[in-house]
Amino acid sequence: SAFPDNFLWGAASAAYQVEGAHNVDGKGPSIWDDFSHQPGTTHEGTNGDVAADHYHRFKEDVALMAEMGMQSYRFSISWPRLFPSGRGTVNKAGVKFYSDLIDELIKYGIKPMITLYHWDLPQALQDIGGWESRETVEAFEQYAALCYQEFGDRVSLWSTFNETLIFIGMGYFTGAHPPGLSDPKRGIQACHHVFIAHAKAVKTFREYQHQQRIPQNGQIGFVNVMQPHEPITDKPEDIAACKMADDLLTHWLYDPVLKGEYPSHILNITQLTWGVPVFSLEDDDLLKNNICDFIGVNYYKREWIAANPDISNTKINTTGNKGSGQEFGFKGLFKFVRNPKSTYTDWDWEIYPEGLCVGMQRLKERYGDIPFYITENGLGAKDPIIDGEIVDQPRIDYLSSHTDAAESAIKQGIDLRGYYPWSFIDLLSWLNGYQKQYGFVYVDRENNLQRKRKKSFFWYQEVIESNGAKR
Ligand SMILES: C[C@@]1(C(=O)O)OC[C@H]2O[C@@H](O)[C@H](O)[C@@H](O)[C@H]2O1
């Protein structure tokens, strides 16, 4: 196979979705603890109070990762577990949990990849404005510095934010995520502060390397949604809508961290319309001088785009009833439409493996020969259980076809360094509860969260053992 010898075969998770122990050993509340406890916010009121209880079972889970042969594990740190009120006093028990997890991974030769922010902002910081406040930017820099100090000696792969498009988009535009707003002006400024927080965290990371407080070989990146857009017809209005979707959903999110600036024509529109983003004096240099080392791409689906003169709908399919999702779109900009020729999941996401390769090629064309990690890719499904076995063949087919696309990308010269299927273990899906499974390992919620290897566990074990030759 074309996979290089040092290619990292991993898997991913996120703190709020997997750990549980939401108020244990000094952890403070996050905005997801607060939001998910409000009625009507999540599928059937599901939340991360217990999740997969990884906080208490991480040794068993890491042993399963090692049995599967995983070479790297992408996980996120819960900021309020380290800083219960977001800044100031450090919760030593929280530091100990992640230190023990990292030691357990290293014991089995599994490289940690840390995500600093996977949506669980400390509620105490939301109370002072969250990402709309520069105080949160300062607090993030302090949080990142503590993580570098405590874990930088053993962790060389870092990323700052996961899917800014989603936590800003759903937090400030659709309102489906906390803080549940629908205000583009506030959303754009909040998003700007996230980019500044990222740049400051990169700057501190590089300073710590320079001072040899952390190893020189460490890499710090940014993790974005990678979602290729295609016009549903070659009519000029559909092509224009597709370009708009690309500018707003891709370039606005990638340019600031890979070019150090926003796409200028969109920046003109946002500043003319709302006077945002407001830049502080240091912002421009911060963005320009702290380009990250790699880009993490989370690939699930392509979206077909059409012109949208009429609908404003941001409700999505959160039940898993195929075809129950309406067309998602912003009036006057674009809308996502279904292609009758395409194949879709139960959550109405197109299955398009080639998009993994096409997406990286397009990014390489715009940003140059940057290192890539596929930091998420997976099939959300209700896995069939036959005679007590979890026979998730659809997930095997999905991952197999996507590793084909990954191999094609490498053959075409993309600097792809690792593949982290979402998710190592079944965990909470934010708005879809526990019914939307992604894991190689099943969690029996009727039986004390007992772990059980799925068919895909053994399939992936072979893929890793053969360095991608057997798929
Ligand atoms: C919305 C949804 C899903 O549950 O299907 O998309 C795929 C995957 O993306 C990740 O960044 C989220 O942390 C994880 O929970 C998943 O979230």
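(A) View of the overall build of the protein chain. Looking only at helices and strands, the protein chain features 15 helices and 16 strands. Taking 23 Å as the expected radius of gyration for a compact globule of 471 residues, we find that the protein chain reaches 21 Å, a close match to that expectation. Dimensions of the protein chain, computed from the C-alpha atoms along their principal axes, are close to 55 × 55 × 50 Å. Taken over 471 residues, the protein chain has a buried fraction of 61%. Taking the intrachain contacts of the protein chain between residues at least 6 apart in sequence as the baseline, contacts between residues at least 24 apart amount to 76%. Carbon and sulfur atoms make up 51% of the accessible area of the protein chain, which amounts to about 17600 Å² in all. Once the 46 positive and 61 negative side-chain charges of the protein chain are each reduced to a mean point, those two points are 1 Å apart.

(B) Region of interest: the sheet that holds strand β9 (residues 329–330). A sheet is described by the order of its strands in space; here 4 strands give the open sequence β6-β8-β10-β9, paired in mixed fashion. Looking at strand neighbours, the two that pair on one side only are β6 (229–231) and β9, the edges of this open sheet. Inspection of the sheet shows strand β8 (residues 303–306) paired to strand β10 (residues 334–337) by 3 bridges, in the antiparallel sense. Paired with Ile305 across the strands is Phe336, a residue of β10.

(C) Spotlight on the pattern of salt bridges. A full pass over the atoms with the stated rule returns 33 salt bridges. Note that Asp61 and Arg451 form a salt bridge whose closest N and O atoms lie 2.8 Å from each other. Taken together, the positions of Asp61 in helix α3 (residues 54–68) and Arg451 in strand β16 (residues 450–453) put the pair 390 residues apart, joining distant regions of the chain. Per residue, the accessibility class of Asp61 equals that of Arg451, and both read buried. Arg471 serves as the salt-bridge partner of Glu407, at 2.8 Å between the closest nitrogen and oxygen. With Glu407 in helix α14 (residues 393–411) and Arg471 in the segment after α15 (455–465), this pair connects stretches of sequence that are 64 residues apart. Taking the relative accessible area as the measure of exposure, Glu407 reaches 11% and is therefore buried. Judged by relative accessible area, which is 28%, Arg471 ranks as partly exposed. Each of Asp383, Asp392, Arg395, Asp426 and Lys454 takes part in one network of salt bridges that share partners.

Parameters and conventions
Residues numbered from 1 in each chain as written. Predicted model: local features only at pLDDT ≥ 70, side-chain atom pairs only at ≥ 80, totals over all residues. Heavy atoms only, no water. Helix = DSSP H or I, 4+ residues; strand = E, 2+ residues; numbered from the N terminus. Rg over C-alpha atoms; globule rule 2.2 N^0.38 Å. Buried < 20%, exposed > 50% of the residue type's maximum accessible area, 1.4 Å probe, protein only. Contact = heavy atoms within 4.5 Å. Areas by Shrake-Rupley, 256 points an atom, 1.4 Å probe, with all protein chains shown as cover. Lys, Arg positive; Asp, Glu negative; His and termini not counted. Charge placed at Lys NZ, Arg CZ, Asp CG, Glu CD. Pairing = 2+ DSSP bridges. Salt bridge = Lys/Arg side-chain N within 4 Å of Asp/Glu carboxyl O.

Scope: geometric values only; no functional claims are made or implied.
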